[in-house]
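The chain contents come next:
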Amino acid sequence: MAKKDIDWANLGFGYMSTDYRFVANYKDGKWDEGKITTDDKVVLNECAGVLQYSQSCFEGLKAYTTEDGKIVCFRPDLNAKRMHDSAVRLEMPPLPEGMFERAVDEVVKANIDWVPPYGSGATLYIRPYMFGSNAVIGVKPADEYQFRILVTPVGPYFKGGAKPVRLKVSDFDRAAPHGTGHIKAGLNYAMSLHAIVTAHKEGYDENLYLDPATRTYIEETGGANLIFVDKNGDLVIPKSDSILPSITRRSLTTVGEKYLGCKVTERPVKFEEIKDFQECGLCGTAAVISPVGSINDHGKEFVFPAGMEKMGPVTQKLYDTLTGIQNGHIEGPEGWVHVIA
Ligand SMILES: *Cc1c(COP(=O)(O)O)cnc(C)c1O
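Worth saying up front: this structure is predicted, and the values here are computed from it rather than measured. (Residues numbered from 1 in each chain as written. Predicted model: local features only at pLDDT ≥ 70, side-chain atom pairs only at ≥ 80, totals over all residues. Heavy atoms only, no water.)

Engineer: Sorry, what's going on with the environment of M92 here?
Structural biologist: Summarising the element assignment, M92 is placed in the loop between α2 (76-89) and α3 (99-110). M92 sits 90 residues away from H182 along the chain, and the two C-alpha atoms are 16 Å apart. When residues no more than four places from it in sequence are discounted, the contact partners of M92 are Q55, S56, C57, A87, M130, F131, G132 and Y145. (Helix = DSSP H or I, 4+ residues; strand = E, 2+ residues; numbered from the N terminus. Contact = heavy atoms within 4.5 Å.)

Below you can see the structure in the form of C-alpha cells.
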C-alpha cells in the first residue's frame, strides 16, 4: 500500500471516487452493522422516499495528517450528534450510539492511501449521509433507509492566501422560522441553489440571509455561519433558532474565549449593526474561516475596516489558533482531535 499518486496541493473541491465507502441499511425497524464496500453505485427503487420527498440529511468533516504522521479528524462526536438531531427532525431513524464514529474510523482507515500528506494543505473530505430508500408515494416517512459515508480528497481551500469574500444580502430566504434551518438537510441546499447561482451571476461570492420574518436580523450564508469582531476585539455571534449550529463556529467561540481572551456574546444581531463591526468571517469545515471583505445591501456597499486584501487581525488569530490545534501544534481541549490511525 502506498499513497495515491495525486498532485495534492493542486486538487480542487470536487468528487473523486476512492477505493472504499461505508454502507449500512435500516430495515424491519433496525440498522444492520454496516460494512465497507468498493461499490460506488446506489441502486434505488424509482419511487424511493429520497427521490420523491427529499428525505435526506448529511454531514461534512475532514481527515488529515498531522506533522507527527497521525491521521486524525476534528470533533466527530459533534457531527454524530448533529446527524442524530437532523434524523429525528426528518422522521428518520437515528444511528445507534457510537456507530457514526466507528463508521468514520473504518472508512478513513480503508482509504488511508487517499489521506493527503502533512503540509500539502489538502484533506480527505468525509461525507456521511442518510436517505429514505424504499418506495413512498403517499406522503409519509420511508420505512427503509440507507446510511453511507463517502470520502474524497480535496485541495487546500485557500490557494495563495485567504482573499476576503463579497457577500450580498439575499432577497431569498434560507430557512423559515420553526423550519429546518437548524439541521443539515439536503432540502435546505436544494432551495439555496437558485439564490447562489443568482448571486454568482451578479459577481458575489455568497448570499447573506436575513431572518425571513422581519428581514432585520442576520442569519447566515448558504453553508457557513458568521462571526463578527467588534471595536474592542470581542466576538459577536448571531443567534437564531434557524441557524445551523456550525462545529467550526462553536470551536472558534471557545478558541476566542479560552485562548485569545476575547469576550464572546451570542445574541440576535441586527443587520444595521454591521457598521459597528471591524471584522467578519464565515465559518465552516472547508475553510475554517473565510474573511468577509464587504456586504452589499441592494447597491449599498459596506466594506469592513479590515479591507479586501487580507484577513483582519482577530480573524487571523482565530484561524491560526484553531488550525494550530487541528494540526497538533497547539494543545486543544480534551477530545477535539480524534486519532484514527
Ligand atoms: C454545514 C453547515 C455549516 C458549517 O458547519 P461546520 O460544522 O462548521 O462545517 C454552516 N451553515 C450551514 C447551513 C451548513 O449546512
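Engineer: What is the right way to read empty space enclosed by the protein from this model?
Structural biologist: If a probe the size of a water molecule is rolled over the atoms, the empty space left behind becomes visible. For the coordinates displayed, the defined rule picks out 2 cavities of 30 Å³ or more. A volume near 120 Å³ is recorded for the largest cavity. In terms of lining residues, the largest cavity is bounded by G60, L61, K62, F74, N79, I247, T248, G284, T285, V288 and Q326. Secondary-structure elements contributing two or more residues to the lining of the largest cavity are β5 (61-65) and α6 (247-259). Partitioned by chemical class, the residues of the lining of the largest cavity number 4 nonpolar, 6 polar and 1 charged. Composition of the lining of the largest cavity by domain shows at least three residues from each of domain 1 (8-154) and domain 2 (165-325). (1 Å grid on protein atoms, 1.4 Å probe; cavity = no way out; pocket = protein on both sides within 12 Å on 5 of 7 lines; lining within 4 Å. Points joined across faces, edges and corners; volume = space filled by probe spheres on them. Nonpolar A, V, L, I, M, F, W, Y, C, P; charged D, E, K, R; others polar. Domains from an automatic or database assignment.)

Engineer: What exactly am I supposed to notice about the packing of aromatic side chains here?
Structural biologist: In this description, a pair of aromatic rings is defined by centroid distance and the angle of the planes. What the rule picks out here adds up to 11 aromatic pairs. Arranged with centres 6.1 Å apart and planes meeting at 65°, the rings of F22 and F147 form a pair that is edge-to-face. Remark: F147 occurs in strand β8 (residues 145-154) and F22 occurs in strand β1 (residues 21-27); sequence separation between them is 125 residues. Judged by relative accessible area, which is 0%, F147 ranks as buried. (Phe/Tyr/Trp six-rings, centres within 6.5 Å; stacked < 30°, edge-to-face > 60°. Buried < 20%, exposed > 50% of the residue type's maximum accessible area, 1.4 Å probe, protein only.)

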